[in-house]
Amino acid sequence: MGDTIIAIGGNSENERHQSVAVKTVEYLVLGENTWKKLPPMHCERSGATACLLP
């Protein structure tokens, strides 16, 4: 989306070192070098992929 990268969901490790899906949504504006959080999703998501091409 222009100069913005959005990361939606993914996996993390819990305290038992098990992989779990997450609700997180973050974005990066190219050139700012800082990821910023957006409101979390209603459901955890993992393994889905999307790509926007010019």
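Within an unreviewed UniProt entry, the label attached to the protein chain reads ---na, and the organism entered is Paramuricea clavata.

Moving on, we come to the pairing of strand β5 (residues 35–38). Of the pairings in the sheet, the one linking strand β4 (residues 25–29) to β5 comprises four bridges and is antiparallel in character. Bridge pairing in β5 links Tyr27 to Lys36. Connecting β4 to the next strand, β5, in antiparallel fashion are five residues, including Gly31 with a positive phi near 100 degrees.

Turning to the pairing of β4, a few remarks are in order. As defined by bridge partners, strand β1 (residues 4–8) adjoins β4 across five bridges and the pair is classed as antiparallel. Looking across to β4, one finds that Ala7 is bridged to Glu26.

Turning next to the sheet that holds β1. Across the sheet, three strands lie side by side as β1-β4-β5; this open sheet has antiparallel pairing. Each end of this open sheet is capped by a strand with a single partner; those strands are β1 and β5. Going from strand to strand, the sheet's axes swing by 25 degrees on average, the running direction of each strand aside.

Structurally, the position occupied by Trp35 is in strand β5. Of the residues examined, Trp35 reaches a relative accessible area of 42% and is grouped as partly exposed. Counting along the chain gives 28 residues from Trp35 to Ala7, while the straight-line C-alpha distance between them is 9.4 Å. Leave out the neighbours within four places in its chain, and Trp35 touches Ile5, Ala7, Glu26, Tyr27 and Leu28.

Among the secondary structure elements, Tyr27 is positioned in strand β4. In this structure, the C-alpha to C-alpha distance between Tyr27 and Ile6, residues 21 residues apart in sequence, is 4.3 Å. Residues in contact with Tyr27, not counting those within four places in the same chain, are Thr4, Ile5, Ile6, Thr34, Trp35, Lys36, Lys37 and Leu38.

This brings us to a nonpolar patch on the surface. Taken together, the side chains of Ile5, Leu30 and Trp35 make up a nonpolar region of the molecular surface, amounting to roughly 300 Å² of accessible area. A residue is classified by how much of its surface remains accessible, and Ile5, at 40% relative accessible area, is partly exposed.

Cut-offs applied
- Residues numbered from 1 in each chain as written.
- Predicted model: local features only at pLDDT ≥ 70, side-chain atom pairs only at ≥ 80, totals over all residues.
- Heavy atoms only, no water.
- Pairing = 2+ DSSP bridges.
- Helix = DSSP H or I, 4+ residues; strand = E, 2+ residues; numbered from the N terminus.
- Axes fitted to C-alpha atoms, helices over the stretch in contact; angles between N-to-C directions.
- Buried < 20%, exposed > 50% of the residue type's maximum accessible area, 1.4 Å probe, protein only.
- Contact = heavy atoms within 4.5 Å.
- Patch = residues over 30% accessible without salt bridge, like charges linked within 9 Å, V, L, I, M, F, W, Y side chains within 5 Å.
- Areas by Shrake-Rupley, 256 points an atom, 1.4 Å probe, with all protein chains shown as cover.
- Salt bridge = Lys/Arg side-chain N within 4 Å of Asp/Glu carboxyl O.

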